[in-house]
Amino acid sequence: MADDKHKAARRGSKAPKGAARSGHSWKHPLRSWLGSHRDSARQALERLRHNPLSSAMTILVMTIVLALPMGLGVLIGQVERLGVDWQRAAQLSVYLVDNVQPEAATGVLKQVRDLDQVAEAHLLDAEMALAEFKQHSGMGDALDQLAYNPLPAVIVVTPVSIEGGAAVLEPLRDQLAALQGVEQVQIDLLWIERLTRILALLERFTGGLAVLLVLALLLVMINTIRLAIESRRDEIVVIKLVGGTDAFVRRPFLYIGVLYGLLAGLLAWLLLALGMVWLNSAVREVAALYQSDFELAGMPAVDGLTLVAGAMLLGLVGAWLAVGRHVRAIQPT
């Protein structure tokens, strides 16, 4: 009886060890899978290092293809931001009749401020309007030669909202034009809408250009990987003779595509960042002519990371398209 108890105890003590071994059994396939991918990535790096010239040319072509549409997209986004800022500052100019009396102008100003759609309004009398026109037009010397002031008093109106553009401001314009003592009302938003239409056209052009350049990038990647496969045809045949699968053969080539995309994406990001800095001086000069402090904000980090991730994905897709057909076509005879 005592011997039976000792045997049962020994069997019970061995059970947890067996359970532990079965619990860790999944680690061996995972370690083998990770090791295989690590070896494939190392082989891809070695192949890039042994062919520096062809690799550099492929990466430069990919960099140019990636940088052009992304650069246009970033520039359009920056200009759109400028347009939004100017839209927020859009105003209506209410021109009063000639020789309006100060009391009458003040009365019109009070009526304008009482309108629900008006957020702010201030009066520029004829002398103030002339002084502002001299400052912004650059025609101060010519205006000083005039015997009288040709400009009327103006009420500058800031609307509560401009969502929807000039069409939304037309009812307010009609209300202002109906006030007694008002000669004309002008909406200072039309040129911003023209800018918006031009930017929409450029966005469509950039989208079409991006599609064409992405197709070109895929063709470049497919051709590059195809040449790499052909240069290692004998090696692939030997690998298949000893039992290597198609997945094992194509994995290093897929890593080559990803590495090409990574390096091209990083280089395109750097190129665009330097390009933004280079353009900023010219942009500041142009903005200063319009009394604006606008400048390019640089290459946003989110756009840069998106560029790198997209480049890696395109490299992987191009390599996959090339490897899938060519590796299957190579068979031991």
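As a reminder, the structure under discussion sits directly above these lines.
Residues numbered from 1 in each chain as written. Predicted model: local features only at pLDDT ≥ 70, side-chain atom pairs only at ≥ 80, totals over all residues. Heavy atoms only, no water.

Undergrad: If you had to explain the overall build of the chain to someone new, which residues and values would you point to?
TA: In terms of helices and strands, the chain carries 11 helices and four strands. Split into buried and exposed, the 333 residues of the chain put 33% on the buried side. Across the chain, the fraction of contacts at a sequence separation of at least 24, relative to all contacts at a separation of at least 6, is 83%. With an accessible surface of roughly 20,700 Å², the chain has 63% of that area assigned to carbon and sulfur atoms. (Helix = DSSP H or I, 4+ residues; strand = E, 2+ residues; numbered from the N terminus. Buried < 20%, exposed > 50% of the residue type's maximum accessible area, 1.4 Å probe, protein only. Contact = heavy atoms within 4.5 Å. Areas by Shrake-Rupley, 256 points an atom, 1.4 Å probe, with all protein chains shown as cover.)

Undergrad: Please provide a residue-by-residue account of the environment of Val258, values included.
TA: Looking at the secondary structure, you find Val258 in helix α10 (residues 246-289). C-alpha separation for the pair Val258 and Gly315, spaced 57 residues apart in sequence, amounts to 5.1 Å. Ignoring any residue separated from it by four or fewer positions in sequence, one finds Val258 in contact with Met312, Gly315 and Leu316.

Undergrad: Now, about a nonpolar patch on the surface: what can you tell me, with residues and values included?
TA: Among the surface-exposed residues, Leu313, Leu316, Val317, Trp320 and Leu321 lie close enough to one another that they form a single nonpolar patch of about 460 Å² accessible area. With respect to the helices and strands, the residue Trp320 is situated in helix α11 (residues 301-329). Residue classification places Trp320 among the partly exposed residues on the basis of a relative accessible area of 46%. (Patch = residues over 30% accessible without salt bridge, like charges linked within 9 Å, V, L, I, M, F, W, Y side chains within 5 Å. Salt bridge = Lys/Arg side-chain N within 4 Å of Asp/Glu carboxyl O.)

Undergrad: Give me the nonpolar core: which residues, what numbers.
TA: Ranked by internal contacts, the top residues of the largest apolar core, which has 40 residues, are Leu66, Ile225, Ile229, Phe253, Ile256 and Tyr260. Elements represented by at least two residues in this core include exactly α2 (27-50), α3 (52-88), α8 (190-231), α9 (233-241), α10 and α11. Looking at this core, the element that brings in the most residues is α10, giving 11 residues. Excluding its chain neighbours within four sequence positions, the residues that come into contact with Ile256 are Ala44, Arg47, Leu48 and Ile225. Among the nonpolar cores identified, the runner-up in size contains 20 residues, and Leu96, Val108, Val157 and Leu169 belong to it. (Core = buried A, V, L, I, M, F, W, Y, C linked by side-chain atoms within 4.5 Å.)

Don't take any of this as a statement about function, it's just geometry.
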